[in-house]
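Structure at a glance
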Amino acid sequence: MINARSRINQLKQDAYDAPQQLKKLNQIHAGRLEFRSQLEHEVGELGVQIQGLNVIEINELETGRQNAQKRIQEVSQQIGSRQLAIGSYQKQKKVLEKELASIAAQNTVSAALWFRKQLLERAGLFIAGLLETYEEEARSSIEDEITRILEEVAHRPYKCKIESNFSIDLTFADGRSVPRSGGENQLLSLLFIGALIQFAGSRMNETRFILKPGTIAPLILDAPFGQLDPYYQRDVAFHIPKLTHQVVLLVSSSQGNEGVLKALEPFVGAEYVLVSENRENMGNRGVTELTLNGTSYVTSLFEQPKTMTRIERIR
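I will try to describe carefully the structure that is included in this document. (Residues numbered from 1 in each chain as written. Predicted model: local features only at pLDDT ≥ 70, side-chain atom pairs only at ≥ 80, totals over all residues. Heavy atoms only, no water.)

1. Section: the overall build of the protein
A tally of regular secondary structure across the protein gives 6 helices and 9 strands. In summary, the protein has a C-alpha radius of gyration of 32 Å against a globular reference of 20 Å for 315 residues, an excess of more than 25%. The C-alpha extent of the protein, read off along each of the three principal axes, is 110 × 90 × 55 Å. Residue pairs in contact within the protein that sit at least 24 positions apart in sequence constitute 58% of those at least 6 positions apart. Counting every atom, the protein has about 23200 Å² of accessible surface; 56% of that belongs to carbon and sulfur. Looking at charge distribution, the protein has the averaged site of its 37 positive side-chain charges lying 7 Å from that of its 38 negative ones. (Helix = DSSP H or I, 4+ residues; strand = E, 2+ residues; numbered from the N terminus. Rg over C-alpha atoms; globule rule 2.2 N^0.38 Å. Contact = heavy atoms within 4.5 Å. Areas by Shrake-Rupley, 256 points an atom, 1.4 Å probe, with all protein chains shown as cover. Lys, Arg positive; Asp, Glu negative; His and termini not counted. Charge placed at Lys NZ, Arg CZ, Asp CG, Glu CD.)

2. Section: unusual backbone geometry
The backbone of Ala223 sits at a positive phi, close to 50°, despite the residue not being glycine. With respect to the helices and strands, Ala223 occurs in the loop between strand 3 (219-222) and helix 5 (230-239). Here Glu303, not a glycine, exhibits a phi torsion of approximately 55°, which is positive. Looking at where Glu303 falls in the secondary structure, it is placed in the loop between strand 8 (300-301) and strand 9 (308-313).

3. Overview of the sheet that holds strand 5 (residues 272-277)
Taken in spatial order, the 3 strands line up as 8-5-9 in an open sheet, and their pairing is mixed. Each end of this open sheet is capped by a strand with a single partner; those strands are strand 8 and strand 9. Inspection of the sheet shows strand 5 paired to strand 8 by 2 bridges, in the parallel sense. Looking across to strand 8, one finds that Ser276 is bridged to Ser300. (Pairing = 2+ DSSP bridges.)

4. Details of a nonpolar patch on the surface
A surface patch of nonpolar side chains, about 340 Å² in accessible area, is lined by Phe126, Ile127, Leu131 and Ile210. Its location among the elements puts Phe126 in helix 3 (residues 108-153). (Patch = residues over 30% accessible without salt bridge, like charges linked within 9 Å, V, L, I, M, F, W, Y side chains within 5 Å. Salt bridge = Lys/Arg side-chain N within 4 Å of Asp/Glu carboxyl O.)

5. Some thoughts on the pattern of salt bridges
All told, the structure shown has 10 salt bridges when counted by the stated rule. One salt bridge connects Lys117 with Glu121, and the closest N-O pair in it is separated by 2.7 Å. Placement of both Lys117 and Glu121 in helix 3 is noted, with a separation of 4 residues, approximately one turn of the helix. A relative accessible area of 30% means that Lys117 is categorised as partly exposed. Residues Arg234 and Asp235 are paired through a salt bridge, measuring 3.2 Å at the closest nitrogen-oxygen approach. Shared partners join several salt bridges into a network, and the residues in it are Glu135, Glu136 and Arg139. (Buried < 20%, exposed > 50% of the residue type's maximum accessible area, 1.4 Å probe, protein only.)

6. A look at the side chain of Gln186
Among the structural elements, Gln186 can be located in helix 4 (residues 182-202). Overall, Gln186 belongs to the buried group, its relative accessible area being 15%. Those residues within four positions of Gln186 in sequence are excluded, and the remaining contacts are Ala223, Pro224, Phe225, Gly226, Gln227 and Leu228.

7. Quick word on the layout of surface pockets
Size it by volume and the largest pocket reaches roughly 1100 Å³. Along the wall of the largest pocket there are 35 residues; nearest its centre are Leu249, Val251, Ala270, Glu271 and Tyr272. Contributions of two or more residues to the lining of the largest pocket are made by strand 4 (247-250), helix 6 (258-264), strand 5 and strand 6 (289-292). With 5 residues, helix 6 is the single largest residue contributor to the lining of the largest pocket. Residues that form the lining of the largest pocket fall into these classes: 18 nonpolar, 11 polar and 6 charged. One number sums up the size of the second largest pocket: a volume of about 740 Å³. (1 Å grid on protein atoms, 1.4 Å probe; cavity = no way out; pocket = protein on both sides within 12 Å on 5 of 7 lines; lining within 4 Å. Points joined across faces, edges and corners; volume = space filled by probe spheres on them. Nonpolar A, V, L, I, M, F, W, Y, C, P; charged D, E, K, R; others polar.)

8. A few points about the packing of helix 2 (residues 55-104) against helix 3
Put simply, helix 2 and helix 3 touch, their axes get as near as 8 Å, and they point 135° apart. Classified by the interaxial angle, the pair formed by helix 2 and helix 3 is oblique. Counted together, Glu97, Leu100, Ala101, Ile103 and Ala104 of helix 2 and Ser110, Ala111 and Trp114 of helix 3 form the full contact between these two elements. Taken together, the residues of the contact of helix 2 with helix 3 sort by class into 6 nonpolar, 1 polar and 1 charged. (Axes fitted to C-alpha atoms, helices over the stretch in contact; angles between N-to-C directions. Parallel < 35°, antiparallel > 145°, perpendicular 65-115°, else oblique.)

Right, dumping it as structure tokens:
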């Protein structure tokens with residue numbers, strides 16, 4: 001009887017807890033479905049990329065990869081032997097420096113020269129350390145600015161990583177490198193150039209040791225949106241004007257779509273069209289027109305005095 005009552009109480013408790021447990025399981029299930037959907041989307045993208053691959057080209061690339069790997073191993077061995085040699089030369093250098101210091105101390109002139117040499121070497125090390133610190137600050141600042149913009153425009157939670165040699169990498173939040181498409185490469189290049197100019201402008205009033213103050217520079221971009229999808233084009237167009245005091249964009253009619261023009265509208269100070277003038281007859285060629293803000297502009301003229309491109313301000 002006691003066991004039965006205990007079992008009943010346990011069942012009542014289980015029944016009471018069941019809705020919360022069900023809710024928690026549903027949340028876990030929803031998360032798993034979302035993750036599966038993301039993986040299916042990535043598989044679909046990879047499938048499209050694979051369909052366009054050439055099998056012969058893949059084999060050639062694999063052969064190239066193996067050869068490169070073999071060459072890397074050879075170079076690594078050479079580096080190892082060079083490092084051993086460097087270690088040996090450094091030991092010899094220390095011995096010779098001690099002998100030189102001993103000899104220099106025996107003469108007033110040579111002692112003064114030795115002191116100046118030591119002073120210059122220490123000054124060089126000091127300046128090199130300062131430059132390394134300034135370089136790290138610059139890299140970190142530009143990296144943070146690019147990551148900030150990526151958080152607003154990127155389709156996924158990407159981060160920017162700038163290596164010590166200033167090569168730029170796009171990573172996921174966990175640090176894994178992102179296999180970049182042409183559009184993502186262009187996006188990263190645009191943001192790096194813009195962030196670099198913004199950093200230079202932020203240093204206008206800097207008076208730090210050995211560094212010159214920054215400068216305000218215009219950002220001039222030719223066909224900046226070519227490989228970006230329409231959503232990236234619109235979002236990047238909205239952020240680029242905020243990176244510096246003056247931006248000059250050269251865009252074609254395909255890049256200057258409605259979304260891009262709308263994003264740029266609050267920042268536009270002047271607008272121009274490029275008109276192609278030709279000496280030749282028009283022949284069977286059609287009239288080339290560009291429509292902006294409801295107004296059409298002829299962008300290709302024939303039977304003109306000179307063959308040239310004319311810049312015409314329209315606003």
